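One-letter residues, chain by chain:
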Amino acid sequence: MHKLRHYSATELIAAGVDVRTVAGRLGHSDGGTTLAYYAAWVREADQRASDILISRLPTPRRPLATKPDTRTTTRRPRCPYETIAAELRTAITDGTLTPDSVLPTIQELATIHHVAPSTAHRAIAHLARQHLITVTRGCRARVNKAVPST
């Protein structure tokens, strides 16, 4: 019977019933005794308390003036193939690689950048999709004559 008393007090408090009501059901004159002896820590109640606090915290908002302009900024490469493609794109747009010049082979790019040949191949395919280079099976990739403006 005593354990049932502990259980019911703990479950009622965890369910959100106010401590004064639980104390009255147990015959206590105030909630202090109830909390001291009958309310155990309950993981679910703790999780609910955490969720309630998180839901009430204000979310920081970024001022509109500091929002980045995606039209003028370019994101930094995150993957090795993006790094290779960015370096080749820069060489093409600044004139280091002139129109109709050949690019290094896949194996050369892989060796230079310490990546797998498939990663270098992905960088070449990325530039081809951007119409910066032309890739023909059995031939080396070449810079297009008309490079699209960036």
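Residues numbered from 1 in each chain as written. Predicted model: local features only at pLDDT ≥ 70, side-chain atom pairs only at ≥ 80, totals over all residues. Heavy atoms only, no water.

K.L.:
How do you make sense of the side chain of His28 when you look at a structure like this?
P.N.:
With respect to the element layout, His28 can be found in the loop between helix 2 (19-26) and helix 3 (31-37). Residue classification places His28 among the buried residues on the basis of a relative accessible area of 14%. Here the side chain of His28 touches Thr34 through a polar contact of 2.8 Å, side chain to side chain. In contact with His28, not counting residues within four places along its chain, are Arg5, Arg20, Ala23, Thr33, Thr34 and Tyr38. (Helix = DSSP H or I, 4+ residues; strand = E, 2+ residues; numbered from the N terminus. Buried < 20%, exposed > 50% of the residue type's maximum accessible area, 1.4 Å probe, protein only. Polar contact = N/O pair within 3.5 Å; in protein donor to acceptor, adjacent residues only side chain to side chain. Contact = heavy atoms within 4.5 Å.)

K.L.:
Quick question: what am I supposed to make of a nonpolar patch on the surface here?
P.N.:
On the surface, Met1, Leu4 and Tyr7 cluster together to form a nonpolar patch covering roughly 420 Å² of accessible area. Looking at the secondary structure, you find Met1 in the segment before helix 1 (2-14). Of the residues examined, Met1 reaches a relative accessible area of 83% and is grouped as exposed. (Patch = residues over 30% accessible without salt bridge, like charges linked within 9 Å, V, L, I, M, F, W, Y side chains within 5 Å. Areas by Shrake-Rupley, 256 points an atom, 1.4 Å probe, with all protein chains shown as cover. Salt bridge = Lys/Arg side-chain N within 4 Å of Asp/Glu carboxyl O.)

K.L.:
I keep staring at the packing of helix 5 (residues 80-93) against helix 7 (residues 117-129) and nothing clicks. Help me out?
P.N.:
Taken N-terminus to C-terminus, the directions of helix 5 and helix 7 make an angle of 50°; their axes are 8 Å apart at the nearest point. Classified by the angle between their axes, helix 5 and helix 7 sit oblique to one another. Once helix 5 is placed against helix 7, the crossing between them reads as right-handed. Packed against helix 5, whose contacting residues are Pro80, Tyr81, Ile84, Ala85, Leu88 and Arg89, the element helix 7 presents Thr119, Ala120, Arg122, Ala123, Ile124, His126 and Leu127 at the interface. (Axes fitted to C-alpha atoms, helices over the stretch in contact; angles between N-to-C directions. Parallel < 35°, antiparallel > 145°, perpendicular 65-115°, else oblique. Left-handed = near helix turned anticlockwise from the far one by under 90°.)

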